[in-house]
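# Notes for the structure review
One-letter residues, chain by chain:
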Amino acid sequence: MKKTKLVLWRRPSPPLVTVLLLLVLGLIPLMDGAVLQSESCNSEALVFYRIRLQTSWSRQLFPKHYPEFRPPPQWSMTYGQSHNRAFNLFRLNDLASASISRFAESGHAHALEEDLSRQSPAIHDEFHLPKIAKGEGSSEGTFFLDGSHTMVSFITKIVPSPDWFVGLDSYNLCRGGRWADNVTIELSPLDAGTSNGLTFTSPKWPTNPPNVIEKITARYPKHFASSFFYPEIKHLPTIARVTFEKLHEYYGSNNVHKKVKKLKTKQRKRLLKKLAAARGNDPRKSENETEKQVNDCRVGAWSPWSPCSKSCDVGKRTRSRVVVRYAVDQGRDCPHLTETQWCGSARKCSVDENYFRW
């Protein structure tokens, strides 16, 4: 009997140019969460969000070593930022920075704020949430994002604890070219890796050399003395959750030239109404189209945006363009040469700093 040889055909891999074309057309997905420029959120938008931190540290959910006094269960002030991809507040499985270590151990934020000030080019806004005086409670605040700064991070210390905290690092609120309307994330306790204590009220013995930041679970650290060690269950109850709610998107307007004074919280709602009323000139409409009539005025491209006039509260930034050729005969007049856009921060310029001391 004549044997038949079976030959398997393998389709050749497409050339790189074809792959890139398919990516641009959106016919194949990008890996590792990468986003094409066409999938990014509008770079001209100023987006206003509310953040709400809800904590659930109760005797019923976490009975082991539940602290009664000196001090009782509570949470430090929350420090957060909106930023771009160049910034990281902390990273799981990486060593904590010196400022994060100090905050996780003591709740003091002076070193953290100094560290953040050195990274200001990557940070768009900062927000501080009030401390939560009990194990169960909530705290909220507001912050701004824009199309170049779509991520948010924050950290809150668990009090008392050796170096434990809850937080979020580089969560992207722009998904698929759209700003998230409302999203809630469950948070787990994290160990900064700088103190050897296993219980809420353990003395602070330095870990030398320090460990990386790790997630605390019902079975890790695997030690019966650990305050979060519950080997009979698979997952710890949720100790905290955070909710981000989009309040509004605002776009620059050339009709807004009034001075904006330092805002208090109650005044911000009035400002946002003014911003909403000033959205008549949407920057998404191109004003740089080439004029077909040869006698029309022609202008150059927009310059980059100037730095924001304020690092806190709400300020302005401007950009300009120059005339390449003035109109002649009956040609169309030149369009406006300067443009103003709202920018800034939902953070107040003066914040009463309160720290836990025990």
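Above this text is the structure in question.
Residues numbered from 1 in each chain as written. Predicted model: local features only at pLDDT ≥ 70, side-chain atom pairs only at ≥ 80, totals over all residues. Heavy atoms only, no water.

Moving on, we get to the overall build of the protein. Helices and strands together make up the secondary structure of the protein, namely four helices and 17 strands. Every one of the 358 residues in the protein was classed for burial, and the buried ones make up 44%. Accessible area of the protein: about 21100 Å², with a carbon and sulfur share of 53%. (Helix = DSSP H or I, 4+ residues; strand = E, 2+ residues; numbered from the N terminus. Buried < 20%, exposed > 50% of the residue type's maximum accessible area, 1.4 Å probe, protein only. Areas by Shrake-Rupley, 256 points an atom, 1.4 Å probe, with all protein chains shown as cover.)

Attention now moves to the side chain of Ser-227. Of note, Ser-227 is situated in the loop between strand E12 (214-215) and strand E13 (240-251). Of note is the side chain of Ser-227, whose polar atom sits 3.2 Å from the backbone nitrogen of Phe-200. Here Ser-227 is in contact with Lys-64, His-65, Trp-164, Leu-198, Thr-199 and Phe-200, once residues within four sequence places are set aside. (Polar contact = N/O pair within 3.5 Å; in protein donor to acceptor, adjacent residues only side chain to side chain. Contact = heavy atoms within 4.5 Å.)

The element strand E1 (residues 45-56) is largely enclosed, with a buried count of nine among its twelve residues. Alignment of E1 against E13, held across eleven bridges, turns out to be antiparallel. In the strand pairing of E13, Leu-46 is matched with Tyr-250. The pairing of E1 with strand E5 (residues 136-146) spans eleven bridges and is antiparallel. Each residue of the ladder has a partner; that of Arg-50, found in E5, is Thr-142. (Pairing = 2+ DSSP bridges.)

Below, the discussion takes up the packing of aromatic side chains. Counted by the stated rule, this structure contains 14 aromatic pairs. Residues Tyr-49 and Phe-143 carry aromatic rings whose centres are separated by 5.9 Å and whose planes lie at 10° to one another, so their mutual orientation is stacked. Here the residue Tyr-49 occupies a position in strand E1, and Phe-143 occupies one in strand E5, the gap between them amounting to 94 residues. Like Phe-143, Tyr-49 is buried. Ring plane angle 80° and centroid distance 6.4 Å describe the contact between Trp-57 and Tyr-66, whose orientation is recorded as edge-to-face. Three or more aromatic residues joined by ring pairs make a cluster, and in this case those are Trp-57, Phe-62, Tyr-66, Trp-75, Trp-164, Phe-200 and Phe-228. If you follow Arg-175 out to its NZ or CZ, it ends over the ring of Tyr-171, 5.0 Å from the centre. (Phe/Tyr/Trp six-rings, centres within 6.5 Å; stacked < 30°, edge-to-face > 60°. Lys NZ or Arg CZ within 6 Å of the ring centre and 35° of its normal.)

Nothing here speaks to function; it is all geometry.
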